[in-house]
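Observations on the three-dimensional arrangement
Chain by chain, the residues run as shown.
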Amino acid sequence: MNDGHLHTPTGRMSVHRPQDYWYVACLSSELKSKPKSIRLWGSAIVLFRDQNGTPKALLDRCSHRNVPLSKGKCVEGHLQCPYHGWEFDGEGQCVKIPALEGESKQDKRKVPSFATCEQQGHIWIFAKANTEPNHQPFSFPHYQDSAYSHIPFQATFQGTMHANLENILDVPHTAFLHKGLFRGVERNLIQTEIRRFADRAECQYFGEPRPEGLLGKLLAPNGGAIEHFDRFILPSIAQVEYRLEDRNIVVSNCLTPISDTEVKMYTVVAVKVRVWTWLLKPLVLPFALRVVKQDQEMLDTQLACIEDFGGEAFNYTEVDVLGSSISRLLKRASQEAIPVSPIPTEQVAESVLRGQLWA
Amino acid sequence: MNDGHLHTPTGRMSVHRPQDYWYVACLSSELKSKPKSIRLWGSAIVLFRDQNGTPKALLDRCSHRNVPLSKGKCVEGHLQCPYHGWEFDGEGQCVKIPALEGESKQDKRKVPSFATCEQQGHIWIFAKANTEPNHQPFSFPHYQDSAYSHIPFQATFQGTMHANLENILDVPHTAFLHKGLFRGVERNLIQTEIRRFADRAECQYFGEPRPEGLLGKLLAPNGGAIEHFDRFILPSIAQVEYRLEDRNIVVSNCLTPISDTEVKMYTVVAVKVRVWTWLLKPLVLPFALRVVKQDQEMLDTQLACIEDFGGEAFNYTEVDVLGSSISRLLKRASQEAIPVSPIPTEQVAESVLRGQLWA
Amino acid sequence: MNDGHLHTPTGRMSVHRPQDYWYVACLSSELKSKPKSIRLWGSAIVLFRDQNGTPKALLDRCSHRNVPLSKGKCVEGHLQCPYHGWEFDGEGQCVKIPALEGESKQDKRKVPSFATCEQQGHIWIFAKANTEPNHQPFSFPHYQDSAYSHIPFQATFQGTMHANLENILDVPHTAFLHKGLFRGVERNLIQTEIRRFADRAECQYFGEPRPEGLLGKLLAPNGGAIEHFDRFILPSIAQVEYRLEDRNIVVSNCLTPISDTEVKMYTVVAVKVRVWTWLLKPLVLPFALRVVKQDQEMLDTQLACIEDFGGEAFNYTEVDVLGSSISRLLKRASQEAIPVSPIPTEQVAESVLRGQLWA
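Since we're looking at a predicted model, the values are computed, not measured. Counting of residues starts from 1 at the beginning of each chain's written sequence and follows it residue by residue. Each chain gets a letter, beginning with A, and each ligand a number, beginning with 1, in the order they are written. In keeping with the model being predicted, local features are shown solely for residues with a pLDDT of at least 70 and side-chain atom pairs are shown and tallied solely at 80 or more, while totals for entire chains, interfaces and linings include all residues.

1. Description of the overall build of chain A
Helix numbering and strand numbering both begin at the N terminus, where a helix is a DSSP run of H or I of at least 4 residues and a strand a DSSP run of E of at least 2. From N to C terminus, chain A includes five helices and 19 strands. Restricting the calculation to C-alpha atoms gives the radius of gyration, and the globule rule supplies 2.2 Å times the number of residues raised to the power 0.38. Its C-alpha radius of gyration of 22 Å places chain A within 12% of the 21 Å reference for a compact globule of 359 residues. Along the three orthogonal principal directions, the C-alpha set of chain A runs to about 80 × 45 × 40 Å. Evaluated residue by residue, chain A yields a buried proportion of 47% over its 359 residues. Contacts here follow a simple rule: the backbone-placed C-beta atoms of the two residues must lie within 7 Å. In chain A, the proportion of contacts linking residues at least 24 apart, taken out of those at least 6 apart, comes to 62%. Counting other C-beta atoms within 10 Å of its own, a residue is labelled buried from 20 upward, exposed at 12 or fewer, and partly exposed in the gap between, with every C-beta atom placed from the backbone.

Shown next as C-alpha cells:
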C-alpha cells in the first residue's frame with residue numbers, strides 16, 4: 001500500500017481506474033491554510049499549500065505510525081503529523097522528527113506524493129503517485145472569452161464512473177426520466193452520428209427540434225434547428241454542447257471517482273446567449289438542481305440494486321448511444337496511458353457510426 | 001445472476017433452500033394497483049397484477065440498466081421501468097423500449113419470472129424461476145367448512161428457517177420459555193410417537209393433560225384427555241393440532257425465507273369450538289402476541305450468538321422431538337424436488353419412533 | 001468453535017493473541033448475583049459466581065441451541081439457559097435438562113470454561129479454555145503497604161494491544177501530543193537504557209529533569225533529578241514508575257483485548273508522596289482524564305487510518321524506545337507459553353541497549 005497505488009476491490013461491476021490522468025481534487029477556494037483530505041477511488045489523499053501557496057498532495061498517512069496527516073497542521077509549508085510531530089514537505093520527504101538526534105530524511109520514511117495543477121479555479125491532481133505527468137489537465141472551453149459567462153456547479157452522485165458518465169450523455173433517459181424538463185410530449189425520430197477518437201467520442205444529433213423549457217428559450221427564442229453534441233473525453237469528462245447561430249452553451253462535467261461507486265462532479269457551464277449575464281445563474285440553477293436530483297435518485301437506486309444482486313447484468317442497445325464508447329475508452333485507459341489531445345478539432349475520427357432514436 | 005437462481009452465501013449454519021416449492025409471497029389484500037417488492041432468500045422479487053388482475057412475479061431488476069422494476073409502475077398490465085421506460089409483461093418479456101425504432105422483444109432482454117398462485121387470501125410464488133410447478137401450494141385445512149372460524153396472523157422472525165420451524169414445533173421450550181402461558185407448574189411425563197413420511201413428519205403426544213390457560217379452556221372446558229399433533233410439511237409449514245371430541249384447533253404456520261436468517265410467518269388458525277365466533281379473535285390474539293414476542297426475542301438472541309461465533313454448534317437430544325426430522329427433510333428437499341402429497345392421511349409412514357419427555 | 005479457542009481474522013496488523021496468560025475480566029464489584037458478559041479477542045465469555053461466591057467463567061453460548069448463557073440467570077450456583085432451561089456448573093458441565101428423563105451430564109454437552117482468580121479487587125481470567133494455569137496473575141505493587149495510596153482507573157481504547165502498549169510507554173509522543181501536560185517548552189537530550197528479559201522489557205531514562213505540572217510538583221516539590229522507568233510485562237502490562245528519594249509513583253496499566261482492535265485498560269496508580277491521601281484522587285484524576293482523552297482520540301484516528309488502508313505500514317526508529325521489544329515479546333508469547341517471573345528484580349537481562357532522545 002506504501003507505493004501510492006490506488007485500488008479497492010469491487011465485484012462484477014464496470015469499474016475502471018484510469019490512473020495516468022488528472023482529476024479535480026477540489027476548488028481553489030476550498031484549500032486555504034489548513035490541510036484538506038479528499039478521496040480518490042477510496043484512498044485518502046491530503047492536500048495542502050506550501051510556502052509559495054502552491055498546492056501539494058500526499059497520501060494521507062504518516063509513514064511512522066499511520067495517522068492521517070490531514071489531522072495535523074501546516075507548519076512553514078510542511079505538513080506536521082499530530083502524533084509525534086514528524087514533518088513532511090510537498091514531495092513527501094520527512095524533513096523533521098522532533099525526538100530524533102540526527103538526520104530525519106530517509107527513503108523509507110517518504111510519503112507517496114501526487115502531481116498537482118491549479119488552473120481556472122480548480123485544483124487537479126494526477127492519480128498515479130510519484131509520477132511526472134506527460135500532459136496537462138482538461139481546460140474548460142472559452143474560459144478567457146469575455147463573450148461567455150461561466151457558471152460553476154458541483155454535486156455528488158452514487159454509482160460507478162461509467163454509470164454516471166453514461167447517464168449524463170444518455171438522451172433516451174432525458175426524454176423519459178426528465179420528461180417535461182428537456183422535451184415536450186411530442187416525440188421525434190432523431191438521427192445520430194457517433195465519431196470515435198483515440199481519447200474521446202462524440203455524438204452529433206440531427207433533426208432535433210429546439211429543446212423545451214428554459215434551455216430552449218435561452219438558446220433559440222424564435223425556434224429553429226439547433227446543433228447538439230454529446231462528448232466523452234478521457235478520463236472522466238462528459239460534455240454537452242448546444243449551438244444556434246452565434247449562441248452557444250457548453251456544459252463540461254468533470255467527474256472525480258471518490259470511490260469505485262461514488263463520484264463528485266465538477267461542472268462549468270459556459271454560456272453565450274442574448275440574456276443579461278446576471279440573470280443567467282438564477283435562471284439556470286433551479287433547472288439544473290431538479291435534473292440533478294432526479295438523476296441522483298435514479299443512480300442511487302441503480303447502485304443499490306446492482307450491489308444487492310452482487311454485480312451488473314446490463315443489456316446494450318443501439319439507442320444507448322455513447323455507452324459502449326465510454327466503456328471501451330475507460331477500459332483501454334485503465335490498461336495504458338492514452339495521451340489526451342489538447343486540440344481535439346484537428347483529430348481524425350477512428351470510426352463513424354450512424355443511427356437513430358425516438359426522443 | 002440473470003438466471004433467477006436465488007442464493008446467498010451463509011457460513012456454517014443449517015441453511016437450506018428448497019427451491020422446487022411454493023412459498024407465501026404476500027396476502028391478496030397487499031397487492032393492488034402498485035407493484036410490490038418482496039424478498040426470497042435475499043433476492044428481490046417484484047409482484048404486480050396483469051390486466052386480468054392475476055398476480056405476476058418477476059426478478060426485481062430491469063434487464064437494461066439494473067434498476068428495480070418495483071420502483072416503476074403498472075401500465076396496462078405491464079411493468080414499466082422508471083429509468084428509460086422499458087416495459088415487461090407478466091412472463092418477463094420486454095414489450096416496449098420507448099427510444100427504440102424496431103422490435104423490443106429479445107431473449108436476452110427477458111427478466112426471469114416466477115409462477116404464482118392466488119388462493120385462500122394468500123398469493124404464493126414458486127421459488128425456482130422460469131419453472132412450471134408440478135404440484136399445488138399448501139391448502140389451509142377446513143377452509144370451506146362453515147363449522148370452522150379462520151383467524152389469519154403474520155409475524156417476522158430472525159433465524160434460519162430450520163431454527164424457526166423447530167421453535168414452533170418444540171414442546172420443551174414451551175414448558176420453559178412460555179411457562180404459565182401453555183402449561184402450569186405441575187410437570188408430566190408425556191409419551192411421543194414420531195411418524196416420518198417422504199414429504200412430512202408428525203409427532204403425536206400421549207398422556208398430555210389439558211393445556212393450561214385460555215387454549216385449554218376453549219378446547220376442553222371440562223378437562224379430559226386431548227389429542228395433540230405437531231407436523232412439519234415441506235417446504236416450510238409447521239402445523240400444531242389439538243383435538244377433543246368434536247372440538248378442533250389447527251394452527252398452520254407457513255414460513256417464507258426472506259433471507260437465509262429471517263422468515264416471515266403466514267399463519268391461519270382454524271378453530272371449531274363451542275364459543276361465539278366473534279369472541280374468538282379478541283380472545284386468541286393477545287395470547288398469540290405474547291407467545292410470538294417471547295419467541296421473537298429468543299430467536300433474535302440465538303441468531304446474534306450464532307453469527308457472533310461464526311456458525312452453529314448444536315447438540316441434539318431425544319427431547320428435541322421433531323428437530324432432526326425437520327433437518328433431514330429440508331436437506332433432502334434442497335437437493336431434489338420431493339413431491340408434496342395432497343392427501344397426507346393416506347400416506348404410510350417410512351418409520352415410527354417412540355420416546356418421552358417432561359412437560 | 002466448541003474448543004474455546006479464541007480467534008478473529010484480522011488483516012495485516014500487529015495483532016497478537018498470547019493465550020496462556022491472565023487478563024483482567026472485570027472489577028470484583030462488577031460481578032454480583034447476575035451473570036455478566038465480557039469479550040476477549042471478540043469472543044463472548046460469561047462470568048458468574050458459584051454458591052461459594054467464587055467467580056466462574058464459561059464460553060457464553062449454550063451447548064444445546066447456542067443461546068448466550070449470560071441472558072439467563074444464576075440458580076443455586078449454576079447458570080441456567082433462558083431457552084430450554086439447561087443448567088451448567090462452574091466447570092461447564094451440564095447438570096440439568098428439564099425435559100429429559102435421564103442423565104444430563106455428557107462430554108459433548110460441556111461448555112468450555114476458563115480459570116479465574118479474584119485478587120486486589122479485580123477478577124482475572126486465563127485466556128486459554130479448559131486449562132490449568134501454571135502461574136499467578138500480575139500483582140499490583142505495594143498493594144499491602146500502608147505508606148501507599150492506590151487509585152484505580154479504567155478506560156477503553158481503540159487500536160491493537162500493541163498500538164496501545166506502545167502508546168503508553170512512548171516518551172516522544174508525550175512531549176508532542178501531551179505538550180504542556182508532562183513537559184515544558186524546553187527540550188532535553190535524555191539518555192536511555194533498555195533492558196530485555198524473557199518475560200518483560202524495561203527502559204530507564206537518565207538526565208530527565210523533573211516533570212512539569214502536577215506530577216512533577218507531587219514528586220519533586222523542590223526539583224532535583226528523578227528516576228524514571230517504563231516497563232512492559234507479558235502479556236499486556238504497561239508500567240510507568242517515577243522515584244525521588246522516598247517518594248514513589250507506580251502506574252500499572254493492565255490491558256484486556258476486548259477485540260483485536262479494542263482494549264480495556266485496568267489501571268492502579270500506587271502513590272507514596274508527602275500529600276494528604278484524600279487530596280490525591282481529585283488532584284490526579286483530572287490530569288489523567290485529559291491525557292487519556294488525547295490518547296483515545298489519537299488511537300481512534302490511527303486505527304481508522306490503518307483499517308482504511310487495509311493494514312499497517314509502520315516505520316521504526318531508535319526513539320520508539322520500547323516499541324520493538326513489545327512486538328518481539330508479544331509475538332513470542334503468542335507462539336509459546338513464556339512463564340512470567342514473580343520476582344522480576346532477581347532476573348538477569350538478556351540484553352542491554354543504550355540510546356538517547358529529545359524530550
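2. What about the interface of chain C and chain A?
Counting residues at the interface gives 25 residues for chain C and 21 residues for chain A. Broken down by secondary-structure element, the contributors of at least two residues to the side of chain C that touches chain A are α2 (171–177), α4 (277–308) and β19 (351–358) of chain C. Only Asp, Glu, Lys and Arg are considered charged, only Ala, Val, Leu, Ile, Met, Phe, Trp, Tyr, Cys and Pro nonpolar, and every remaining residue, Gly among them, polar. Looking at the side of chain C that touches chain A residue by residue, the class counts come to 15 nonpolar, eight polar and two charged.

3. Looking at the domain arrangement of chain A
Residue and element names in this part refer to chain A. Note that domain bounds follow an automatic or database assignment of domains. With domains assigned, chain A is organised as domain 1 (22–126) and domain 2 (149–336 + 348–358). Here the C-alpha centroids of domain 1 and domain 2 sit 35 Å apart. Listed as interface residues are eight residues of domain 1 and, on the opposing side, nine residues of domain 2. Those elements that place two or more of their residues in the side of domain 1 that touches domain 2 are β1 (22–27) and β2 (36–40). Here the residues of the side of domain 1 that touches domain 2 sort into four nonpolar, three polar and one charged.

4. A few points about helix α5 (residues 323–335) of chain B
An α-helix turns once per 3.6 residues; consequently, residues spaced three or four apart project the same way. Residues and elements named next belong to chain B. The end-to-end C-alpha distance of α5, which contains 13 residues, comes to 19 Å, matching closely the 18 Å that a straight helix rising 1.5 Å per residue would cover. Buried residues of α5: G323, S325, I326, L329, L330 and A333, and no others. Buried residues of α5 fall within an arc of 160 degrees about the axis and therefore sit on the same side. Across from the buried face of α5, at angles greater than 90 degrees, the exposed residues are R328 and Q335. For α5, the elements touching its buried residues are α1 (161–168), β13 (189–196), β14 (200–206) and β15 (227–233). Multiply 1.5 Å by the residue count of a helix minus one, and that product is the helix's expected span. Directions pointing from the helix axis toward each C-beta atom define the arc.

5. What to know about the relation of the copies chain C and chain B
The superposition of copies rests on a least-squares fit of C-alpha positions from residues with pLDDT of 70 or more in both. Superposing chain C onto chain B takes a rotation of 120 degrees plus a shift of 0.2 Å along the axis, which leaves an RMSD of 0.1 Å. Taken together, the turn and the small shift mark the pair as related by a three-fold rotation axis.

6. Section: unusual backbone geometry
In this structure, P235 of chain A follows L234 of chain A across a cis peptide bond, with omega equal to 0 degrees. In this structure, P235 of chain A sits in the loop between β15 (227–233) and β16 (237–244). Although it is not a glycine, N66 of chain A sits at a positive phi angle of roughly 60 degrees. Here N66 of chain A is to be found in the loop between β4 (55–59) and β5 (73–75). The phi angle at N130 of chain C is positive, at roughly 55 degrees, despite the residue not being glycine. Tracing the chain through its elements places N130 of chain C in the loop between β11 (122–126) and β12 (149–158).

7. Some points on the pairing of strand β4 (residues 55–59) of chain C
Residue and element names in this part refer to chain C. By the criterion of burial, β4 is predominantly enclosed, with five of the five residues buried. Taking every second residue as pointing to the same face, both faces of β4 are buried, with P55, A57 and L59 on one and K56 and L58 on the other. Note: two strands are recorded as paired if DSSP finds a minimum of 2 bridges between them. The pairing of strand β3 (residues 43–49) with β4 spans five bridges and is antiparallel. Across the sheet, the residue bridging to I45 is L59, located in β4. Bridge count between β4 and strand β9 (residues 113–114): two bridges; the pairing is antiparallel. Across the sheet, residue L58 finds its bridge partner in β9, namely S113.

8. Examining the interface of chain C and chain B
Facing the 21 residues of chain C at the interface are 25 residues of chain B. In terms of residue class, the side of chain C that touches chain B is built from nine nonpolar, six polar and six charged.

9. Some thoughts on the confidence of the model for chain A
The predictor's confidence in any single residue is recorded as pLDDT, a number from 0 to 100. Of the residues in chain A, 95% reach a pLDDT of 70 or more, and the chain-wide mean stands at 91. Under a pLDDT of 50 for its full length, residues 1–9 of chain A has, in the predicted model, 23 contacts with residues more than four places off or in other chains.

10. A look at the environment of L177 of chain A
Relative to the elements of secondary structure, L177 of chain A occurs in the loop between α2 (171–176) and β13 (189–196). Those residues in contact with L177 of chain A, other than ones at most four positions away along the chain, are Q294 and M298 of chain A together with Y83 of chain B.

11. Details of α4 of chain C
All names here are of chain C. Along its 32 residues, α4 runs 46 Å from first to last C-alpha, staying within 8% of the 46 Å computed at 1.5 Å per residue. L285 marks the point of greatest bend in α4, at about 25 degrees, and the proline P286 comes within the next four residues. Within the sequence span of α4, burial applies to V284, D295, M298, L299, Q302, L303, C305 and I306. On its buried side, α4 packs onto β12, α1 (161–168), α2 and β18 (262–272). In the stretch just after α4, G310 is the one whose phi turns positive, near 80 degrees. Note that the bend at a residue is defined as the angle between axes fitted to the seven residues ending at it and the seven residues starting at it.

12. Points about the packing of α1 of chain C against α4 of chain C
Residue and element names in this part refer to chain C. Fitting a line to C-alpha atoms yields each axis, with helices limited to the stretch in contact; the angle taken between N-to-C directions then spans 0 to 180 degrees. Relative orientation of the contacting elements α1 and α4 amounts to 145 degrees, with a least axis distance of 11 Å. Crossing hand, α1 versus α4: right-handed. Between α1, through A163, N164 and N167, and α4, the contact on the second element is made entirely by D295, L299 and Q302. Of the residues contributing to the contact of α1 with α4, the split by class is two nonpolar, three polar and one charged. Left-handed is the label given to a crossing in which the near helix is rotated counterclockwise from the far helix by less than a right angle, and right-handed is the label when the rotation is clockwise.

13. Thoughts on the sheet that holds strand β11 (residues 122–126) of chain B
All names here are of chain B. What the three strands build is an open sheet, ordered β1-β11-β10; its pairing is antiparallel. Edge strands, defined here as strands with exactly one partner in the open sheet, are β1 (22–27) and β10 (116–119). Pairs of neighbouring strands in the sheet enclose a mean axial angle of 30 degrees, with direction left out of account. Bridge count for β1 against β11 is five bridges, and the pairing is antiparallel. When the bridges of β11 are listed, W22 appears paired with F126.

14. Some remarks on the environment of C305 of chain B
Within the element layout of this structure, C305 of chain B appears in helix α4 (residues 277–308). Each C-alpha atom of the pair C305 of chain B and E87 of chain B lies 45 Å from the other, and the pair is 218 residues apart in sequence. Ignoring sequence-local partners within four residues, the contact set of C305 of chain B consists of R61, N66, V67 and P68 of chain C.

15. Looking at the packing of α1 of chain B against α5 of chain B
Residue and element names in this part refer to chain B. As a packed pair, α1 and α5 sit with axes 9 Å apart at the nearest point and diverge in direction by 145 degrees. Crossing geometry of α1 relative to α5 is assigned as right-handed. Across from H162, L165 and E166 in α1, the residues of α5 making contact are G323, I326, S327 and L330.

16. A look at the sheet that holds strand β7 (residues 87–88) of chain C
Remark on secondary structure: sheet strands pair via backbone hydrogen bonds, oriented parallel or antiparallel. Residues and elements named next belong to chain C. Strand order in the open sheet made by the four strands is β5-β6-β7-β8, with antiparallel pairing throughout. Strand pairing shows two members of the sheet lacking a second neighbour, β5 (73–75) and β8 (94–96), which therefore form its edges. Pairing between strand β6 (residues 78–80) and β7: two bridges, direction antiparallel. Its bridge partner lying in β7, L79 is registered against F88.

17. Observations concerning the environment of I226 of chain C
Mapped onto the elements, I226 of chain C comes out in the loop between α3 (213–219) and β15 (227–233). If we ignore the near neighbours within four places in the chain, the residues touching I226 of chain C are E208, R210, L219, A220, Y242, R243 and L244 of chain C.

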